[in-house]
Amino acid sequence: MQVLLVEDNTLLANAIVRALKSAGFSINHVDRGDQALSAIKTSQPDIVVLDLGLPDTDGLEVLKSARKFGFSNPVLILTARDATSDKVLGLDAGADDYLAKPFEIDELLARLRALERRLSNVKSHSIEIGEVEIDTNSHEVTIAGQGISMSRREYMLLKALMESANKIQTRDVLDSKLYSWGEEVSSNTVEVHIHNLRKKLPSGFIQTVRGVGYVVRKQSGTG
Ligand code: CA
């Protein structure tokens, strides 16, 4: 589960990053609205935790823009204490939940887990393209009913490609699905994992779009 944290208060942000990492979330942190929008566009986080008082813009504007360009994953807003109007405006602008500052980190974790559950209920538990099927709950992959084993990163790449079938996934987007911000990513990591994945999948399942990225194609009339 990849979380984007948008928070300009360094102390609070660091505390949240630490807590979420140790709770097993993959977390990216930015502290400005413009960075938040470009991160939402490029890495499509599963959940966004969004402070409303940002140095360059109002968090509500970030939320509205993100919803306008089609970002539909959950957004939890962090509001100033007692600012009821902030909460109402935030929910109207497309937020899924809110937390008033100051809050306990445990409370934030509980809210994120609830959003995570909601997200996985909405999303179908299995994705099937041709003979390949993945179960997004159990992380099992089968080809023509035969279970195959793969590493966590291979699974994450395959899932990203199958979830966005027929859409070309750039190497940057795939990279960002694999790693949190700040971790070393060697430039050929995605290629290496794709190479290994291809050995396990039907030939031609993952197609290379030269100079751009990769795509899994779903033929109309199947799956
Ligand atoms: Ca702030």
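Refer to the structure presented above.
What you see is a predicted model; the values in this text were computed from it and never measured.

**With respect to the sheet that holds strand 6 (residues 126-129)**
- Pairing is antiparallel in the open sheet, where 4 strands are placed in the order 6-7-8-9. Of all strands in the sheet, those with a lone pairing partner are strand 6 and strand 9 (146-148), marking the two edges. Taking each pair of neighbouring strands and ignoring which way they run, the sheet shows an average axis angle of 25°.
- Across 3 bridges, strand 8 (residues 141-143) lies against strand 9 in antiparallel orientation. Counterpart to V141 in the pairing with strand 9 is I148.
- Contacting strand 6, strand 7 (132-135) and strand 8, helix 6 (residues 152-163) crosses the sheet at an angle of about 110° to strand 7.

**Brief notes about the coordination of the calcium ion**
- Each protein donor to the calcium ion is listed here as D8 (OD), D51 (OD) and G53 (O); together their distances run 2.2 to 2.3 Å.
- Between the donor residues of the calcium ion, the gaps in sequence give the motif D-x42-D-x1-G.
- Given a relative accessible area of 48%, G53 falls into the partly exposed group.

**Side note on the packing of helix 6 against helix 7 (residues 171-178)**
- With their axes 10 Å apart at the nearest point, helix 6 and helix 7 run at an angle of 130° to one another. By the angle between their directions, the pair helix 6 and helix 7 is classed as oblique. For the pair helix 6 and helix 7, the crossing hand works out as right-handed. Residues R153, M156, L157, A160 and L161 of helix 6 pack against L174, K177 and L178 of helix 7.
- Here the contact of helix 6 with helix 7 is composed, by residue class, of 6 nonpolar, no polar and 2 charged.

**A word on the environment of L115**
- Assignment of secondary structure puts L115 in helix 5 (residues 105-122).
- Residues L115 and I47, spaced 68 residues apart in sequence, show a C-alpha to C-alpha distance of 7.8 Å.

**Section: the pairing of strand 6**
- Only one face of strand 6 is buried, namely the one carrying I127 and I129, since none of S126 and E128 on the opposite face is buried.
- Pairing of strand 6 with strand 7 involves 4 bridges; the strand directions are antiparallel. Among the inter-strand pairings, I127 is bridged to a residue of strand 7, identified as I134.
- Linking strand 6 to strand 7, which pair antiparallel, is a turn of 2 residues; within it G130 sits at a positive phi near 60°.

**Things to note about the nonpolar core**
- In terms of nonpolar packing, the biggest core is built from 24 residues, with V132, L158, M162, L201, F205 and I206 touching the most fellow members.
- Elements that contribute at least two residues to this core include exactly strand 6, strand 7, strand 8, helix 6, helix 7, helix 8 (189-200) and strand 12 (213-216).
- Sequence-distant contacts of M162, defined by excluding residues within four places in its chain, comprise I127, I129, V132, I134, F205 and V216.
- Residues L37, A39, I40 and A66 belong to the second largest nonpolar core, which totals 20 residues.

**As for the pairing of strand 12**
- Bridge analysis of strand 10 (residues 169-170) against strand 12 gives 2 bridges, and the strand direction is antiparallel. Residue pairing for strand 12: Q169 is matched across the bridge by Y214.
- Here strand 11 (residues 206-209) folds back onto strand 12 in antiparallel fashion, the turn holding 3 residues, of which G211 has a positive phi close to 80°.

**Quick word on helix 6**
- Taking 1.5 Å of rise per residue, 12 residues should cover 16 Å, and helix 6 covers 16 Å from first to last C-alpha, within 8% of that figure.
- For helix 6, the set of buried residues is E154, Y155, L157, L158, A160, L161 and M162.

**Let's talk about the sheet that holds strand 4 (residues 75-79)**
- With parallel pairing, the 5 strands of this open sheet are ordered in space as 2-1-3-4-5. Either end of the sheet is taken by a strand with one partner, and the two such strands are strand 2 (26-30) and strand 5 (97-100). Going from strand to strand, the sheet's axes swing by 20° on average, the running direction of each strand aside.
- Of the strands in this sheet, strand 1 (2-6), strand 2 and strand 4 are in contact with helix 1 (residues 10-22), which crosses strand 2 at around 165°.
- Each of strand 1, strand 2 and strand 3 (47-51) touches helix 2 (residues 33-43); the most contacted strand, strand 1, lies at about 165° to it.

The rules behind the values
Residues numbered from 1 in each chain as written. Predicted model: local features only at pLDDT ≥ 70, side-chain atom pairs only at ≥ 80, totals over all residues. Heavy atoms only, no water. Pairing = 2+ DSSP bridges. Helix = DSSP H or I, 4+ residues; strand = E, 2+ residues; numbered from the N terminus. Axes fitted to C-alpha atoms, helices over the stretch in contact; angles between N-to-C directions. Contact = heavy atoms within 4.5 Å. Donors = N, O, S within 2.8 Å, 3.2 Å for Na, K, Ca; no water. Buried < 20%, exposed > 50% of the residue type's maximum accessible area, 1.4 Å probe, protein only. Parallel < 35°, antiparallel > 145°, perpendicular 65-115°, else oblique. Left-handed = near helix turned anticlockwise from the far one by under 90°. Nonpolar A, V, L, I, M, F, W, Y, C, P; charged D, E, K, R; others polar. Core = buried A, V, L, I, M, F, W, Y, C linked by side-chain atoms within 4.5 Å. Expected span 1.5 Å × (residues − 1).

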